[in-house]
Amino acid sequence: QVQLVESGGGLVQPGGSLRLSCAASGSIFSDYAFHWYRQPPGNQRERVALISSSGSTNYADSVKGRFAISRDNAKNTVYLQMTNLKPEDTAVYYCKQRMSGVDYWGKGTLVTVSS
């Protein structure tokens, strides 16, 4: 059974940085792409970044140049390094994996960007 556990969220000032982690289990980690999504308060969930099994990456326009997704196949962990954070980055951040046509989600980690 696939399990995804996000961590690393918290309160940060504008311009600050955070690194989120997503620990995955229940599948052959290196075979799969992983996604980071976020859901701001009162808004719909949106995709932030993805990393393929080969390490190719893709980002939403709103985070290009500020966020970086990476993976460590030895640790079964996906990361989201976030820099130059803005108040509009405030959201619950989720990790997602699709396997056999099913989307698996973690419970999320809250990032609050505020002075």
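Residues numbered from 1 in each chain as written. Predicted model: local features only at pLDDT ≥ 70, side-chain atom pairs only at ≥ 80, totals over all residues. Heavy atoms only, no water.

Student: How would you sum up the packing of aromatic side chains? Please name residues and give values.
Tutor: Two descriptors summarise a pair of aromatic rings, namely the distance from one centre to the other and the angle between the planes of the rings. Going through the model one piece at a time under the given rule, you end up with three aromatic pairs. A ring pair is formed by Phe29 and Phe34, whose centres lie 4.7 Å apart and whose planes are at 25 degrees; its orientation type is stacked. Here Phe29 matches Phe34 in class, with each residue buried. When the centroid spacing of 4.9 Å and the interplanar angle of 70 degrees are considered together, the rings of Tyr37 and Trp105 count as edge-to-face. Of this pair, Tyr37 sits in strand β4 (residues 34-39) while Trp105 sits in strand β10 (residues 102-105); the two residues are 68 residues apart in sequence, bridging distant segments of the chain. (Phe/Tyr/Trp six-rings, centres within 6.5 Å; stacked < 30°, edge-to-face > 60°. Buried < 20%, exposed > 50% of the residue type's maximum accessible area, 1.4 Å probe, protein only. Helix = DSSP H or I, 4+ residues; strand = E, 2+ residues; numbered from the N terminus.)

Student: Pulling in residues and values, what's your account of the state of the cysteines?
Tutor: Working definition: the covalent bond between the sulfur atoms of two cysteines is a disulfide. Applying the stated rule across the entire model yields one disulfide. The disulfide partner of Cys22 is Cys95, and the S-S distance across this bridge is 2.2 Å. Between Cys22 and Cys95, the disulfide has an S-S torsion of -80 degrees and is therefore left-handed. Highlighted residues: Cys22 in strand β3 (residues 18-25) and Cys95 in strand β9 (residues 91-99), separated in sequence by 73 residues. Each member of the pair Cys22 and Cys95 is classed as buried. (Disulfide = S-S within 2.5 Å.)

Student: If you had to explain the pairing of strand β1 (residues 3-7) to someone new, which residues and values would you point to?
Tutor: Of the two faces of β1, the one lined by Leu4 and Glu6 is fully buried and the one lined by Gln3, Val5 and Ser7 carries no buried residue. Of the pairings in the sheet, the one linking β1 to β3 comprises five bridges and is antiparallel in character. What sits directly across from Ser7, in β3, is Ser21. (Pairing = 2+ DSSP bridges.)

Student: Give me the sheet that holds strand β8 (residues 77-82): which residues, what numbers.
Tutor: If you trace the four strands from one edge of the open sheet to the other, you get β1-β3-β8-β7, paired in antiparallel fashion. Pairing within the sheet leaves two strands with one partner each, and these edge strands are β1 and β7 (67-72). Mean inter-strand twist for the sheet, computed between neighbouring axes without regard to direction, equals 15 degrees. Of the strand pairs in this sheet, β3 and β8 are connected by six bridges, and their pairing is antiparallel. Considered in β8, the bridge of Leu20 is made with Leu80. (Axes fitted to C-alpha atoms, helices over the stretch in contact; angles between N-to-C directions.)

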